Amino acid sequence: MALQALHSSGVAFRKILSHFPEELSLAFAYGSGVYRQAGPCSNQKNAMLDFVFTVDDPVVWHSKNLKKNWNHYSFLKVLGPKMISNVQNNYGAGVYYNPLITCDGRLIKYGVISTSILIEDLLNWNNLYIAGRLQKPVKIIALNENVALRSALDKNLKSAVTAAFLMLPESFSEEDLFLEIAGLSYSGDFRMVVGEDKAKVLNIVKPNIAHFRELYGSILQENPQVVYKIQQGSLEIDKSPEGQFTQLMTLPKTLQQQINHIMDPPGKNRDVEETLLQVAHDPDCGEVVRLGLSAIVRPSSMRQSTKGIFTAGLKKSVIYSSLKLRKMWKGWLRKTS
């Protein structure tokens, strides 16, 4: 099972986890502080560690965390755990971030998301926010025996492969595939224009080909639509209309709906299957899929970033944004030098 490749026994991560309430269905670390990245993020020693905590009951979890880590929260803490949970679940991408926290001598950022909302995102790509994080190599620190969550994590990886196939030519390399997969959750993200290094996706993939291979290898070997030549690091897929239709029909529901919305002319009101059949025969099938991804990611990333001003507080938001801009500036200087 591909999910096994995500597991980690990192003592340092588990030590940080001990500072938080234990009721977690999933906890993982991600980003440049966990896996080496090329470019301006290459200095892992000083990189901020990013975490996501998945909880069954956000009200209970935030209530306990407020008692343990009151100073982690913005002014919203005075409104109590119910209001914090309401902001978490009903605004942005369903995740509540506390950034710029010092824990065990390291600077960390952690997001909290409810288990049910994460499962929905993994299966349907409602926001492709945390689901997108989990399409790249991460370090899973805690994972309980929730069968639905484990199944959704695996389905998310398979969906990422399918979406990438639709945007690639008939023959391509492993690196081409992993670049497409890593870029799925950045399609249409406004932060790629302001605040992120433009070479971010390449910087994530280049030093971590082996980690991506570990994550997706078994899925590729078991997929009946692909010829995976592991020794050469090359792949071939079925680009016939029939093959593409099969792939389109297995895409997450929200992406299918966005494609239908893009391709369905006013007044036609065709069902999704009819639209996907048309797209399967379209030479620009891959571009249509890309537009569908952008239609999910763009509003989700904008809402989540706006929400961050309230959950982080104005001061931390300014500091965090300046760090992002500095990173982007460093990336630009590297490219021009």
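As annotated in an unreviewed UniProt entry, the protein chain is Phosphatidate cytidylyltransferase, mitochondrial from Camelus ferus. In UniProt, the protein chain has this text filed under Function (unreviewed entry): "Catalyzes the conversion of phosphatidic acid (PA) to CDP-diacylglycerol (CDP-DAG), an essential intermediate in the synthesis of phosphatidylglycerol, cardiolipin and phosphatidylinositol." Its UniProt record, at the heading Cofactor (unreviewed entry), says of the protein chain: "Mg(2+)".

Packing of helix 10 (residues 241-249) against helix 12 (residues 272-280) leaves a shortest axis separation of 8 Å and a crossing angle of 140°. Classed by the angle they form, the pair helix 10 and helix 12 counts as oblique. Considering the relative orientation of helix 10 and helix 12, their crossing is right-handed. Contacts from Pro241, Gln244, Phe245, Leu248 and Met249 of helix 10 reach helix 12 at Glu273, Leu276, Leu277, Val279 and Ala280. Taken together, the residues of the contact of helix 10 with helix 12 sort by class into eight nonpolar, one polar and one charged.

So, about the packing of aromatic side chains. Considering all chains together, one arrives at eleven aromatic pairs under this definition. For the pair Phe51 and Phe53, a centre-to-centre distance of 6.1 Å together with 40° between the ring planes defines the contact as tilted. Phe53 sits in the buried class, given a relative accessible area of 0%. Ring pairs connect the aromatic residues Phe13, Phe20, Phe51, Phe53, Trp61 and Tyr110, which therefore count as one cluster. Over the aromatic face of Tyr97 sits the side chain of Lys109, whose NZ or CZ is 4.9 Å from the ring centroid.

Inspection of the secondary structure assignment puts Asn208 in the loop between helix 8 (200-205) and helix 9 (209-222). Asn208 gets classed as buried once you look at its relative accessible area, which sits at 5%. If we ignore the near neighbours within four places in the chain, the residues touching Asn208 are Tyr35 and Arg36.

This brings us to the packing of helix 2 (residues 58-68) against helix 3 (residues 81-90). Where helix 2 meets helix 3, the closest approach of the two axes is 8 Å, and the angle between their N-to-C directions is 125°. Judged by the angle between their axes, helix 2 and helix 3 are oblique. Read as a crossing pair, helix 2 and helix 3 show a hand that is right-handed. Residue-level contacts link Pro58, Val59, His62, Ser63 and Leu66 of helix 2 to Pro81, Lys82, Ile84, Ser85, Gln88 and Asn89 of helix 3.

Time to look at the pairing of strand 1 (residues 26-30). Burial within strand 1 is extensive, with five of its five residues counted as buried. Judged by which residues are buried, strand 1 turns out to be covered on both faces: Leu26, Phe28 and Tyr30 on one side and Ala27 and Ala29 on the other are all buried. With five bridges connecting them, strand 1 and strand 2 (residues 49-55) associate as antiparallel partners. Its bridge partner being in strand 2, Phe28 is matched across the sheet by Val52.

Right, let's get into helix 2. Regarding helix 2, the residues found buried are Pro58, Trp61, His62, Asn65 and Leu66. Down the axis of helix 2, the smallest arc covering the buried residues is 135°, so these residues share one side. Against strand 2, helix 3, strand 3 (95-103) and strand 4 (106-114) lie the buried residues of helix 2. For helix 2, the capping residue at the N-terminal end is Asp57, with a side-chain oxygen 3.2 Å from the backbone nitrogen of Val59.

On to the sheet that holds strand 7 (residues 226-229), then. Across the sheet, which stays open at both edges, the three strands sit in the order 6-8-7 with antiparallel pairing between neighbours. Bordering the open sheet on either side are strand 6 (171-173) and strand 7, each of which pairs with just one other strand. For this sheet, the mean angle separating the axes of adjacent strands, direction not counted, is 20°. Here three bridges tie strand 6 to strand 8 (residues 234-237), and the two strands are oriented antiparallel to one another. Pairing of Ser173 across the sheet is with Ser234, part of strand 8.

Now for the sheet that holds strand 1. In space, the five strands of this open sheet follow the order 3-4-2-1-5, with mixed pairing throughout. Each of the sheet's edge strands pairs with one partner strand only, and the pair in question is strand 3 and strand 5 (139-143). Sheet twist, expressed as the average angle between the axes of neighbouring strands with direction ignored, equals 20°. Helix 2 contacts strand 2, strand 3 and strand 4 of the sheet and is inclined by roughly 150° relative to strand 4.

The next point concerns unusual backbone geometry. Even without glycine at this site, Leu100 takes up a positive phi of about 55°. By the secondary structure assignment, Leu100 is in strand 3. Of the residues examined, Leu100 reaches a relative accessible area of 15% and is grouped as buried. Located in the positive-phi region is Trp125, a residue other than glycine, with phi close to 60°. Locating Trp125 in the fold gives a position in the loop between helix 4 (115-124) and helix 5 (130-133). Here Trp125 falls in the buried class, since its relative accessible area comes to 0%.

Calculation rules
Residues numbered from 1 in each chain as written. Predicted model: local features only at pLDDT ≥ 70, side-chain atom pairs only at ≥ 80, totals over all residues. Heavy atoms only, no water. UniProt positions renumbered as here; feature names shortened; annotations may be inferred. Axes fitted to C-alpha atoms, helices over the stretch in contact; angles between N-to-C directions. Helix = DSSP H or I, 4+ residues; strand = E, 2+ residues; numbered from the N terminus. Parallel < 35°, antiparallel > 145°, perpendicular 65-115°, else oblique. Left-handed = near helix turned anticlockwise from the far one by under 90°. Contact = heavy atoms within 4.5 Å. Nonpolar A, V, L, I, M, F, W, Y, C, P; charged D, E, K, R; others polar. Phe/Tyr/Trp six-rings, centres within 6.5 Å; stacked < 30°, edge-to-face > 60°. Buried < 20%, exposed > 50% of the residue type's maximum accessible area, 1.4 Å probe, protein only. Lys NZ or Arg CZ within 6 Å of the ring centre and 35° of its normal. Pairing = 2+ DSSP bridges. Arc of directions from axis to C-beta. Polar contact = N/O pair within 3.5 Å; in protein donor to acceptor, adjacent residues only side chain to side chain.

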